[in-house]
Amino acid sequence: MNMETLEVQAFDVRTALKNHFGFEDFKHNQKEVIESILNKENTFVIMPTGGGKSLCYQLPALMLEGTALIISPLIALMKNQVDSIRGYSTSNNVAHFLNSSLNKTQMKEVKSDIVNGDTKMLFIAPETLTKEENLEFFRNTNISFVAVDEAHCISEWGHDFRPEYRKIRKMIDHISKDIPIIALTATATPKVKSDILKNLEMKNANVFISSFNRDNLFYEVRPKNNKPQVFKEMVQYIKSTGGQSGIIYVQARKTTEEIAKMLQVNGVNAAAYHAGMDSKSRSRVQDDFLMEELDVIVATIAFGMGIDKPDVRFVIHFDIPKSIENYYQETGRGGRDGINAKCIAFYSYKDILRLEKFLKDKPVAERELALQLMDEIIAYSETSACRRKFLLHYFGEEFNADDCECMCDNCKNPKELLEVSNEMTLALETVKTLNQNYGVKTIADFIAGINSKEIKEFNFNKNPLFAKGKDKDILFWHSLLRQAILQDFLYKEIEQYGLLKLGEKGKDFLKNSFKVEIPLNHDYTNVDGEGDVNTASGGGAALDDILLDMLKKLRKVEAKKHKLQPWVIFSEPSLQDMATWYPISMEDMVNISGVSQGKAQKYAQPFIELIKQYIDENNIERPDDFVVKQIADKSKNKVSIIQAIDRKIPLETIAENMNVSYNELLDELYMVVASGTKLNLDYYINDNIDEDVVEDIFDYYRDADSDSIDDAVNELSEDDIEEDEIKLIRIKFISELAN
Ligand SMILES: [Zn+2]
């Protein structure tokens, strides 16, 4: 291919990006990946979470003839992805999913859209693809390529191995041997990578590995002294963010409940989430979080697979995770929109000891693997070097700490160092005296003079070196021994259950000691959450915070109306762009980052109205005055509801006639008014609710940040106002002020 054609193609790809997604530029190596797929070559992509992985197959799928098959492990995830693509496009047929959740008629519709050439992307579970009737169907269809998402599921070494994933190559061969494959994953060690290439028989694949650096994440590790201290710090920090979205990860289910309650009591809109909950409650919490009814989720590691909320502004680890991989993945859920997010981990060596205890009864191989992984996370937590450098080093990537730009605690506040030459000598002497035959715990107990069972058993308390370091506490000695390992004075003999041995450096040190320094922990007790979140898109113009706030509120209403998540309508960076550039026409709108032609047509009108009005009046006090004109109503009962209300029929009777509960009717009424229709319920309200109560609720919503029911209940329950009453008056409020 000569230069000229290359340039033409580059131009086309960029134009396509702008037309379909509204972005000006590609991230990382997206462009090269896309070109490889457009050339129908096998393509292997390792891109960290949040790096723009899905665009790599979505754009070529839209550009190429035929339908791309996207194999994806989770049914819940498919719906999300399809919604998101439809949000960008003018037609709903462009993306479909095919899985067991569809009935026969729906499957037929999907297939007829494919035959008609309307569908560019079909998401499918491997189990669905195996079915002979489906393979037969695809044999007679123009398939542009097959994308295998979450490809690490192929490898037994991947953490979510799925046996059906092993059969993908065979299924593709059944369709045609010439279909190019693109495999994508966010985590892959060399072993997993070779498993994927081998299993999918991806000959001559172009391999693209992106940097794992997430430069908008701020990494911080704080000491975890005791529960009350950590609770206080969490509340202070979360309060300082002013209602931003965040996730708190903990190890135990019980802790999720405890922390969620603690946060609620402190006025934070939080909920617990763990695998022990039934699936209905789980998806409710998940939905509430996506719909911004909930600000903070306290979760075990079970949370996250199906969640793609781009504006998570903080990820807190109340307990240190069991491996760097887990830590990287979980923190990776922050800041997917490219705007800064904070990752705070609370670390205590006691937690590690607790985790080690759980491993006691595990098979040796499993225990040793787990201990090795934990060693890395300890080293990460205790390091005084750049955290980003440490993380990237773990994933085999070289990184210069100067490029961190103070986006980690150690770069921002370099740690004070403590001279410990004498203490190091004592520790190494102890290891030597005890014949290099004991682990960290015994050595630390020995130096600190703790009469543990083992110490007594071996009569160590008679040894002249015993308790020589009792002026320092046990945690200091644990920490010193950790540092001795990190700095190669000692090493852990993995084959022998982690017994401490003297390394060459340690032996030299005992012969001829020199100055040794270890980092001291900062005193974090006065932290009041440095929640400074910068905006991603710099540029010359200034961001209008007041307008941004108004746009966000509008987005929430729109989201409800369309029954979509807010970010599917417009992303946070798009809103920021709007609040910077004040678009007041469709043409302006298309120039906003992340706003495609289709998206503008579908969703932009009310935003344009808002911005126009804002510019004209600059009246910042009455954001509830927007007239929302679009009507997209999905309530089947809408017409009969409106008719019944016109005839002033009591709500209980309407509910009975519709065969729903009173509460469900209120929800339905809410949907009707939220989609822009006025309802006059005064006939019912005047007969059933105290005038004062109506006024109280009305006043509450006039000032409230959101139309959240839970917030209102929290605020109003002291005045003995019931949830039903709030729901009813909220309908009146929206009907009168928003419609
Ligand atoms: Zn750093």
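Residues take numbers from 1 onward in each chain, read along the sequence in its written order. Where local features are concerned, this predicted model is filtered to residues with pLDDT of at least 70; where side-chain atom pairs are given and counted, the filter is 80 or more; whole-chain, interface and lining totals use all residues.

## What about the overall build of the chain?
Under the scheme used here, helices are H or I runs from DSSP no shorter than 4 residues and strands are E runs no shorter than 2 residues, and both carry numbers assigned from the N terminus. A count of helical and extended segments in the chain gives 34 helices and 17 strands. To sort residues by burial, count the other C-beta atoms lying within 10 Å of each one's C-beta; a count of 20 or more means buried, 12 or fewer means exposed, and anything in between means partly exposed. C-beta atoms are built from the backbone. Among the 739 residues that make up the chain, the fraction classed as buried is 40%. Within the chain, counting contacts between residues at least 6 apart in sequence, those at least 24 apart form 72% of the total. By the convention adopted here, residues make contact when the C-beta atoms placed from their backbones lie within 7 Å.

## Considerations on helix 15 (residues 364-382)
In a regular helix each residue adds 1.5 Å, so 19 residues correspond to 27 Å; helix 15 covers 26 Å between its end C-alpha atoms and thus fits that length. When helix 15 is considered as a whole, its buried residues turn out to be Met 374, Ile 377, Ile 378, Tyr 380 and Ser 381. Considered in projection along helix 15, the buried side chains sweep an arc of 155° and stay on one side of the axis. Facing away from the buried side of helix 15, by more than 90 degrees, are the exposed residues Val 364 and Ala 365. Tucked into the core, helix 15 has its buried residues touching strand 8 (217-223), helix 13 (324-331), strand 13 (341-347), helix 14 (349-359), helix 16 (387-394) and helix 21 (474-486). Given the number of residues in a helix, its expected span is that number minus one, multiplied by 1.5 Å. The arc refers to the directions leading from the helix axis to the C-beta atoms.

## A short note on the packing of helix 19 (residues 440-448) against helix 21
Interaxial angles span 0 to 180 degrees and are taken between N-to-C directions of axes, which are lines fitted to C-alpha atoms, for helices over the stretch in contact. Across the interface, helix 19 lies against helix 21 with an axial gap of 9 Å and an inter-helix angle of 130°. Of the possible angle classes, the one that applies to helix 19 and helix 21 is oblique. Classified by chirality, the crossing of helix 21 by helix 19 is right-handed. Residues Val 440, Ile 443, Ala 444, Ile 447 and Ala 448 of helix 19 lie in contact with helix 21, whose contacting residues are Ile 474, Trp 477, His 478 and Leu 481. Residue polarity is assigned by list, with Asp, Glu, Lys and Arg as charged and Ala, Val, Leu, Ile, Met, Phe, Trp, Tyr, Cys and Pro as nonpolar; anything else, Gly included, falls into the polar class. Of the residues that constitute the contact of helix 19 with helix 21, the class distribution is eight nonpolar, one polar and no charged. Each angle is binned into one of four classes, with values under 35 degrees roughly parallel, values over 145 roughly antiparallel, values of 65 to 115 roughly perpendicular, and all other values oblique. Helix crossings fall into two classes, left-handed where the near helix is turned counterclockwise from the far one by less than a right angle and right-handed where it is turned clockwise.

## Observations concerning the confidence of the model for the chain
For every residue, the predictor reports its confidence as pLDDT, a number between 0 and 100. The predicted model of the chain has a mean per-residue pLDDT of 83, with 88% of residues at 70 or higher. Note that pLDDT drops below 50 for residues 1-8; the model gives that stretch one contact with residues more than four away or on any other chain.

## Things to note about the sheet that holds strand 8
A pair of strands is treated as paired once DSSP finds two or more bridges between them. Across the sheet, which stays open at both edges, the six strands sit in the order 8-13-12-9-11-10 with parallel pairing between neighbours. Every other strand in the sheet has two partners, leaving strand 8 and strand 10 (270-273) as the edge strands with one partner each. Between one strand axis and the next, the sheet turns through 15° on average, direction left out of account. For strand 8 and strand 13, the ladder comprises seven bridges, and the chain directions are parallel. Its bridge partner lying in strand 13, Val 221 is registered against Ala 345. Of the strands in this sheet, strand 8, strand 9 (245-249), strand 11 (296-299), strand 12 (312-317) and strand 13 touch helix 10 (residues 227-241), which is tilted by about 175° from strand 12.

## Things to note about the sheet that holds strand 6 (residues 181-185)
Ordered in space as 3-4-2-5-6-1-7, the seven strands form an open sheet in which the pairing is parallel. Bordering the open sheet on either side are strand 3 (95-98) and strand 7 (206-209), each of which pairs with just one other strand. For this sheet the average axis-to-axis angle between neighbouring strands, irrespective of direction, equals 20°. The sheet contacts of helix 5 (residues 104-115) involve strand 2 (67-71), strand 3 and strand 4 (121-124), and relative to strand 3 the element is tilted by about 135°.

## Some words on helix 8 (residues 168-175)
Looking at helix 8, one finds that the buried residues are Ile 168, Met 171, Ile 172 and Ile 175. Projected onto a plane normal to the axis of helix 8, the buried residues spread over an arc of 100° and lie on a single side. Set apart from the buried face of helix 8 by more than 90 degrees, the exposed residues are Lys 170 and Asp 173. The inward-facing, buried residues of helix 8 contact strand 2, helix 6 (126-130), helix 7 (132-139), strand 5 (143-148) and strand 6.

## Brief notes about unusual backbone geometry
Of note in this structure, Asn 435 is not a glycine but carries a positive phi near 60°. Along the chain, the position of Asn 435 falls in the loop between helix 18 (421-433) and helix 19. Phi at Ala 467 is positive, roughly 65°, even though this residue is not glycine. Relative to the helices and strands, Ala 467 resides in the loop between helix 20 (453-457) and helix 21.

## Re the packing of helix 7 against helix 8
Packing of helix 7 against helix 8 leaves a shortest axis separation of 8 Å and a crossing angle of 50°. As summarised for this structure, helix 7 and helix 8 are arranged oblique, according to the angle between their axes. Packed against helix 7, whose contacting residues are Leu 135, Phe 138 and Arg 139, the element helix 8 presents Met 171, His 174 and Ile 175 at the interface. In terms of residue class, the contact of helix 7 with helix 8 is built from four nonpolar, one polar and one charged.

## Considerations on the pairing of strand 3
Along strand 3, one buried face is formed by Ala 95 and Phe 97 and the opposite face, lined by His 96 and Leu 98, is buried too. Bridge count for strand 3 against strand 4 is four bridges, and the pairing is parallel. Each residue of the ladder has a partner; that of Phe 97, found in strand 4, is Phe 123. Assessed by its sense of winding, the connection that carries the chain from strand 3 through helix 5 to strand 4 is right-handed. Think of it like this: strands point away, you trace from the first strand over the helix to the second, and a clockwise trace means the crossover is right-handed.

## Things to note about the nonpolar core
Judged by nonpolar contacts, the single largest core of 58 residues is most densely connected at Ile 70, Ile 124, Ala 147, Val 148 and Ala 183. With sequence-adjacent residues up to four places away left out, Val 148 is seen in contact with Ile 71, Ile 168, Ile 181, Ala 183, Leu 184 and Leu 200. In terms of nonpolar packing, the next biggest core, distinct from the first, is built from 56 residues, Ile 248, Val 312, Ile 320 and Tyr 380 among them. In plain words, the nonpolar core is the set of buried Ala, Val, Leu, Ile, Met, Phe, Trp, Tyr and Cys residues that C-beta atoms within 7 Å link up.

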